[in-house]
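Close look at the chain arrangement
One letter stands for each residue in the lines below.
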Amino acid sequence: MTSSEDAYPSLDAAGSGIGCLHLNIPTLVVSNNHISNSFDGDDRGYADGVSPVSSLYLSNMGQRRESFLYRSDSEFDLSTKSISRHSSLASDSIDPTTLYKLQKVSQYTPRHEDVIVTPFAQILQTLRTVRSNFIYITKVANPKMRRGSSCAPQPTTSNNNLKHSGLIIDDENQKMARDTLDELDWCLDQLETMHTHRSVGDMASNKFRKMLGKELTAFEADDSNPVGNSRVSDFIFQNYLNKEQELDLPSPKEQDGVNKLPVSTAMSSDSVGPSSSEISSNHSNRHIQTISHRVLSKTDSLSNTIPECPEDIPVSGVETTHQQELMQYLGEVDNWGIDVFKISELSNNRPLTCITYTIMKKRNLLNTFQINPQTLVTYLMHLEAHYHQDVPYHNNMHAADVVQSAHVLLNAQPIFNDLEVLATLFACAAHDVDHPGVSNQFLVTTENRLAWLYNDESVLENHHISLAFQLLKDEGCNIFDNLAPKQWKSVRKMAIDMVLSTDMSKHMGLLAELKTMVETKKVAAAYELKLDNYAERIQVLQNLVHCADLGNPAKPLQFYKQWTDRITEEFFNQGDEEKRRDISLSPMCERPENKALRDESVAKTQVGFITYIVHPLWETWGDLVSDASTQLLHLEDNRDYYDKMYQDCVKKRLTETSTVPALTPSGEDVAENE
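Cut-offs used in this document
- Residues numbered from 1 in each chain as written.
- Predicted model: local features only at pLDDT ≥ 70, side-chain atom pairs only at ≥ 80, totals over all residues.
- Heavy atoms only, no water.
- Helix = DSSP H or I, 4+ residues; strand = E, 2+ residues; numbered from the N terminus.
- Buried < 20%, exposed > 50% of the residue type's maximum accessible area, 1.4 Å probe, protein only.
- Contact = heavy atoms within 4.5 Å.
- Areas by Shrake-Rupley, 256 points an atom, 1.4 Å probe, with all protein chains shown as cover.
- Polar contact = N/O pair within 3.5 Å; in protein donor to acceptor, adjacent residues only side chain to side chain.
- Phe/Tyr/Trp six-rings, centres within 6.5 Å; stacked < 30°, edge-to-face > 60°.
- Salt bridge = Lys/Arg side-chain N within 4 Å of Asp/Glu carboxyl O.
- Axes fitted to C-alpha atoms, helices over the stretch in contact; angles between N-to-C directions.
- Left-handed = near helix turned anticlockwise from the far one by under 90°.
- Nonpolar A, V, L, I, M, F, W, Y, C, P; charged D, E, K, R; others polar.
- Parallel < 35°, antiparallel > 145°, perpendicular 65-115°, else oblique.
- Core = buried A, V, L, I, M, F, W, Y, C linked by side-chain atoms within 4.5 Å.
- pLDDT = per-residue confidence, 0-100.
- Expected span 1.5 Å × (residues − 1).

When its secondary structure is counted, the protein chain shows 29 helices and four strands. Across the 674 residues in the protein chain, those meeting the buried criterion constitute 54%. Considering only contacts in the protein chain between residues 6 or more positions apart, those separated by 24 or more positions represent 78%. With an accessible surface of roughly 29900 Å², the protein chain has 50% of that area assigned to carbon and sulfur atoms.

Right under this line is the structure:
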């Protein structure tokens, strides 16, 4: 058997593999050409200096655009010529003058609409329009046909001929020239006011969060439950916008100072909660308050609970009396939306071990990188044992679900090499290990020692990946032992980058950068993303893991409902602990007084979560893959389910309120007095 270094070229050698995303076309086109190129500013490459080029193609076919990203953003545009910047790429095939007249007179919208919404791509699209209009108006020969240009060189024609032809008149020509100049001025204004330290992705992120703020303002205006709607908005702001975004656009309550925590209520770094005797009855609180004691150390008490890896490893990777039935479920591992809950039951609560082991065997990663099967199972069991069973959502079942979801998404984009796939699966398996069931903000607010260790930045995510690498040091656990040094360095770098990107406060930045990347290529009519450097390749992988992490709403309803119940209970557990500590309650963490209020709150939360967070993400991801229709259809069905559930809850509550008998000043029923 060849060594793993020979079987798989290192990402750290001098050369580099060039991969291209030619996005969202029904068929995958793979080129067998080999190109040698080095990563820009990075020491990663391929050992043999070459790599196959594989591509996914951008689609010219229109698709439905439903998320808030595609609604009017006129309040935030500097130019009044928003029609041009929001026009379809399909309009390039129409004569400039005809298109101009259609837009101005009839508000023409192309049949196959591919609206551009990110600012930098809008600038490029507007410049293309300026260039096409200029060539058409002046009738100058086009010295160089630009890729994707819709305007061919025009012959010189006299004004008299133009008038008699009926194509254009002098006044119309002058009006178009003035409007073209306005478009150019808009582009110049954008470029001149652009902050040089910010990326073009930041421009889109800033625009999207302003639009999100506008959407949430309308969302809060729903008279049926204004208090509940405000809590949903606060939840989205606190969990899915980073600190800079929160400063740019604080939620209404933050502006009023309601959510500001007095200094006197903050816990000292050493005060991580009451003694164990005070919380022995509450397992969730135990993990909340003792997590800081596990900083940079493994849980010693688990040494007796981690099962030993059997000498003869079962086909599923775990010992169970339901081996045959378990393998039937694992046989669906390539399909979206498998029953992780049933797999957990059949595997003696080891879904992460059996699913990850099955996928890595299926992908032949054990042979490629000379990973001993017993070493892999031993590590996976150690890793899985550090997920807490009494944490309702962020446990080993969630980790297993993310691994399997990422596996399916990787199959849809077979442009990543084996080392990148290995790093991705490892990152997914480890991305929430030792999660205590509380948010980063909770740890920061209570001045937990983990927050101090990581300077309040991605506290849990730093802890997860740090512990995952520490577990490799356990006896018989180093699954990367046979990697070449440069391969190991690459795997570690990629895994760290991917796990840190699962911090949900980075959601808007990830979405904006991905959408800017896609739209920029579309506007340039390149219809491909050449992933020829580490920054672009890891960006796509980070978004892939992010989609897998937020994949539950895109799963069949029977599974999504279970995940919703679990995350809701985890939020309520955190709220219970916040009440016990007498600190401000986090949004959506206050346990309702009864089931009716709980159902209404949960339903409204899920509608907002899907509409403003998950749907825009998967919609953008759909531009990268040949087909994301399955996930988008599940999203729509699940949103409709919870929206109907919410409407029914509101109707029932209002009905019950209207039928409650009025009370006299003494508190007696009016009907009884009569």
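From this point, the discussion proceeds with the structure in view.
Attention shifts here to the side chain of Thr 611. Within the secondary structure, Thr 611 is located in helix α27 (residues 595–621). There is a polar contact of 2.7 Å between the side chain of Thr 611 and the backbone oxygen of Val 607. The residues touching Thr 611, leaving out its near neighbours within four places in the chain, are Phe 68, Pro 616 and Arg 639.

Right, let's talk about the packing of aromatic side chains for a bit. Per the stated rule, a full pass over the model turns up ten aromatic pairs. Residues Tyr 379 and Phe 426 carry aromatic rings whose centres are separated by 6.0 Å and whose planes lie at 25 degrees to one another, so their mutual orientation is stacked. Of this pair, Tyr 379 sits in helix α17 (residues 373–385) while Phe 426 sits in helix α19 (residues 418–430), placing them 47 residues apart in sequence. Across this residue pair, the class does not change: Tyr 379 and Phe 426 are buried. Between the aromatic rings of Phe 469 and Trp 488, the centroid separation amounts to 5.7 Å while the plane-to-plane angle is 85 degrees, which identifies the pairing as edge-to-face. Of the two residues, Phe 469 is situated in helix α22 (residues 459–471) and Trp 488 in helix α23 (residues 485–500); the sequence distance between them amounts to 19 residues. The class of Phe 469 is buried, set by a relative accessible area of 8%.

Okay, the pattern of salt bridges next. Evaluation of the coordinates by the stated rule reveals 13 salt bridges. A salt bridge links Asp 334 to Lys 362, with the nearest nitrogen and oxygen atoms 3.3 Å apart. Placement of the pair is Asp 334 in the loop between α13 (323–330) and α14 (340–346) and Lys 362 in helix α15 (residues 351–362), with a sequence separation of 28 residues. A salt bridge links Asp 401 to Lys 555, with the nearest nitrogen and oxygen atoms 2.9 Å apart. Taken together, the residues span a long stretch of sequence, with Asp 401 in helix α18 (residues 396–412) and Lys 555 in the loop between α25 (534–549) and α26 (557–581) at a distance of 154 residues. Accessibility expressed as a relative area gives 3% for Asp 401, which makes it buried.

Once that is clear, we can look at the environment of Tyr 393. You can see Tyr 393 is positioned in the loop between α17 and α18. Tyr 393 sits 178 residues away from Phe 571 along the chain, and the two C-alpha atoms are 9.5 Å apart. Look past the residues within four positions of Tyr 393 in its chain and what remains in contact with it is His 398, Asp 549, Asn 552, Trp 563, Arg 566, Ile 567 and Glu 570.

Note on placement: Asn 417 falls in the loop between α18 and α19. Note on Asn 417: relative accessible area 12%, which makes it buried. Side-chain polar atoms of Asn 417 contact the backbone nitrogen of Leu 419, separated by 3.2 Å.

Turning our eyes to something else, we now look at the packing of α19 against α25. Running from amino to carboxyl end, α19 crosses α25 at an angle of 35 degrees, the nearest separation of the two axes being 11 Å. Where α19 crosses over α25, the two elements pack in a sense that is right-handed. Between α19 and α25, the residues in contact are Glu 420, Thr 424 and Cys 428 and Arg 537, Leu 541, Leu 544 and Val 545, respectively. Grouping the amino acids of the contact of α19 with α25 by side-chain chemistry returns four nonpolar, one polar and two charged.

To continue, consider unusual backbone geometry. The phi angle at Asn 348 is positive, at roughly 60 degrees, despite the residue not being glycine. Tracing the sequence through the fold places Asn 348 in the loop between α14 and α15. Notably, Asn 349 is not glycine yet its phi reads approximately 60 degrees, a positive angle.

This part takes up the packing of α18 against α19. Between α18 and α19, the shortest axis-to-axis distance is 8 Å and the interhelical angle comes to 155 degrees. Classed by the angle they form, the pair α18 and α19 counts as roughly antiparallel. The handedness of the crossing between α18 and α19 comes out as right-handed. Contacts between α18 and α19 involve Ala 399, Val 402, Val 403, Ala 406 and Leu 410 on the former and, on the latter, Val 421, Thr 424, Leu 425, Cys 428 and Ala 429. Considering only residue class, the contact of α18 with α19 consists of nine nonpolar, one polar and no charged.

Moving on: the environment of Thr 126. Relative to the helices and strands, Thr 126 is located in helix α4 (residues 119–138). A residue is classified by how much of its surface remains accessible, and Thr 126, at 0% relative accessible area, is buried. Between the alpha carbons of Thr 126 and Trp 186 there is a distance of 8.8 Å; along the sequence they are 60 residues apart.

Grouped together as the largest cluster of nonpolar side chains are 123 residues, with contacts concentrated most on Ile 355, Tyr 379, Leu 383, Leu 422, Phe 426, Trp 618 and Trp 621. Among the elements that line this core, the one with the most residues is α27, at eleven residues. Residues in contact with Ile 355, not counting those within four places in the same chain, are Leu 330, Ile 338, Ile 343, Ala 400, Val 403 and Gln 404. Membership of the second largest hydrophobic core comes to nine residues, among which are Phe 442, Leu 443, Leu 450 and Leu 460.

Do not read the predicted coordinates in detail wherever pLDDT is low. Residues at a pLDDT of 70 or more form 60% of the protein chain, whose mean pLDDT is 74. Below pLDDT 50 for its whole length, residues 25–53 participates in 86 contacts with residues either more than four positions away or in separate chains. Within the model, the stretch residues 244–286 combines pLDDT values under 50 with 65 contacts to residues more than four positions away or in other chains.

This paragraph deals with α17. Look at α17: 18 Å from first C-alpha to last across 13 residues, which is about the 18 Å you get at 1.5 Å a residue. Within α17, ten of the 13 residues are buried, which leaves the element mostly enclosed by the surrounding structure. On its buried side, α17 packs onto α15, α16 (365–368), α18, α19 and α22. Measuring from the side-chain oxygen of the N-cap residue of α17 to the backbone nitrogen of Gln 374 gives 2.8 Å; that N-cap residue is Asn 372.

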